[in-house]
Amino acid sequence: QVQLVESGGGLVQAGGSLRLSCAASRRTFTMGWFRQTPGKEREFVAAVVESDTNPDYADSVKGRFTISRDNAKNTVYLQMNSLKLEDTAVYYCAARDGMWYTNSAREYDYWGQGTQVTVSS
């Protein structure tokens, strides 16, 4: 089992920035972020494998969000810049042990409790 603890959500004005953090109780191969709004399915935001190379991003956040990980701390970060109203959601940290990459939510083994990000006009 892996416990994931997220932090860093909050309220920010459009165009602003936030940084999310997720600390895991042990290392996993892939760590990522998903988000969800009421009535919608959880959607992929970004993910990165253990080597911290070739991070993957949803088209909607490319160029604005940056994912990174610190393996020494078993922590993954999501730097969110130029935030838009449509970025408002509950953001979930996720991790999986399987040694192949995927951005499908159903393939992730472990989930954090979620942290609210609200972007205001």
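Residues numbered from 1 in each chain as written. Predicted model: local features only at pLDDT ≥ 70, side-chain atom pairs only at ≥ 80, totals over all residues. Heavy atoms only, no water.

Draft legend 1. Region of the structure containing the overall build of the chain. Looking only at helices and strands, the chain has 0 helices and 11 strands in total. Secondary structure elements of the chain, listed N to C terminal, follow the sequence β-β-β-β-β-β-β-β-β-β-β. Its C-alpha atoms give the chain a radius of gyration of 13 Å, near enough to 14 Å, the size a compact globule of 121 residues would have. Taken along the three principal axes of its C-alpha coordinates, the chain extends 40 × 30 × 25 Å. Within the span of the chain, comprising 121 residues, buried residues form 45% of the whole. Summed over all atoms, the accessible surface of the chain reaches about 6100 Å², with 47% contributed by carbon and sulfur. Both charge centroids of the chain, one from 13 positive and one from 13 negative side chains, sit 2 Å from each other. (Helix = DSSP H or I, 4+ residues; strand = E, 2+ residues; numbered from the N terminus. Rg over C-alpha atoms; globule rule 2.2 N^0.38 Å. Buried < 20%, exposed > 50% of the residue type's maximum accessible area, 1.4 Å probe, protein only. Areas by Shrake-Rupley, 256 points an atom, 1.4 Å probe, with all protein chains shown as cover. Lys, Arg positive; Asp, Glu negative; His and termini not counted. Charge placed at Lys NZ, Arg CZ, Asp CG, Glu CD.)

Draft legend 2. Spatial organisation of the side chain of Glu-6. With respect to the helices and strands, Glu-6 occurs in strand β1 (residues 4–7). In this structure, Glu-6 is buried with no salt-bridge partner, the nearest side chain bearing the opposite charge being Arg-42 at 7.6 Å. A distance of 2.5 Å separates the side chain of Glu-6 from the backbone nitrogen of Cys-93, its partner in a polar contact. Of note is the side chain of Glu-6, whose polar atom sits 2.5 Å from the backbone nitrogen of Gly-114. (Salt bridge = Lys/Arg side-chain N within 4 Å of Asp/Glu carboxyl O. Polar contact = N/O pair within 3.5 Å; in protein donor to acceptor, adjacent residues only side chain to side chain.)

Draft legend 3. Representation of the packing of aromatic side chains. The final tally for this structure, using the stated rule, is 5 aromatic pairs. Between Phe-34 and Tyr-108 the ring centres are 5.1 Å apart and the planes differ by 75°, which places this aromatic pair in the edge-to-face class. Here Tyr-108 lies in the loop between β9 (89–96) and β10 (110–111) and Phe-34 lies in strand β4 (residues 30–36), a separation of 74 residues in the sequence. Of the two residues, Phe-34 and Tyr-108, neither departs from the other in class, the shared state being buried. (Phe/Tyr/Trp six-rings, centres within 6.5 Å; stacked < 30°, edge-to-face > 60°.)

Draft legend 4. Region of interest: the sheet that holds strand β3 (residues 18–24). Strand order in the open sheet formed by 4 strands is β1-β3-β8-β7, with antiparallel pairing between adjacent strands. Looking along the sheet, the strands with just one partner apiece sit at the ends: β1 and β7 (65–70). Across the sheet, the mean angle separating the axes of adjacent strands is 15° when strand polarity is ignored. (Pairing = 2+ DSSP bridges. Axes fitted to C-alpha atoms, helices over the stretch in contact; angles between N-to-C directions.)

Draft legend 5. Looking closely at unusual backbone geometry. Residues other than glycine seldom take positive phi values, yet Asn-74 does so here, at roughly 50°. Looking at the element boundaries, Asn-74 is found in the loop between β7 and β8 (75–80). The class for Asn-74 is buried, based on a relative accessible area of 18%. Even without a glycine there, the phi angle at Ser-82 is positive, about 50°. Locating Ser-82 in the fold gives a position in the loop between β8 and β9.

Draft legend 6. The arrangement of the pattern of salt bridges in detail. Throughout the structure, instances matching the rule amount to 6 salt bridges. Notably, a salt bridge pairs Asp-97 with Arg-26, separated by 2.9 Å at the nearest N-O pair. Here the residue Asp-97 occupies a position in the loop between β9 and β10, and Arg-26 occupies one in the loop between β3 and β4, the gap between them amounting to 71 residues. Classification of Asp-97 as partly exposed rests on a relative accessible area of 27%. Residues joined by salt bridges that share partners form a network here, namely Arg-35, Glu-43, Arg-64 and Asp-87.

Draft legend 7. Highlighting the nonpolar core. Grouped together as the largest cluster of nonpolar side chains are 33 residues, with contacts concentrated most on Leu-4, Trp-33, Leu-78, Met-80 and Tyr-91. For this core, the secondary structure elements donating two or more residues are β3, β4, β5 (43–49), β7, β8, β9 and β11 (115–120). Apart from the residues lying within four places of it in its own chain, the contact partners of Leu-4 are Cys-22, Ala-23, Ala-24, Met-31, Cys-93, Ala-94, Ala-95, Tyr-110, Trp-111, Gly-112 and Gln-113. (Core = buried A, V, L, I, M, F, W, Y, C linked by side-chain atoms within 4.5 Å. Contact = heavy atoms within 4.5 Å.)

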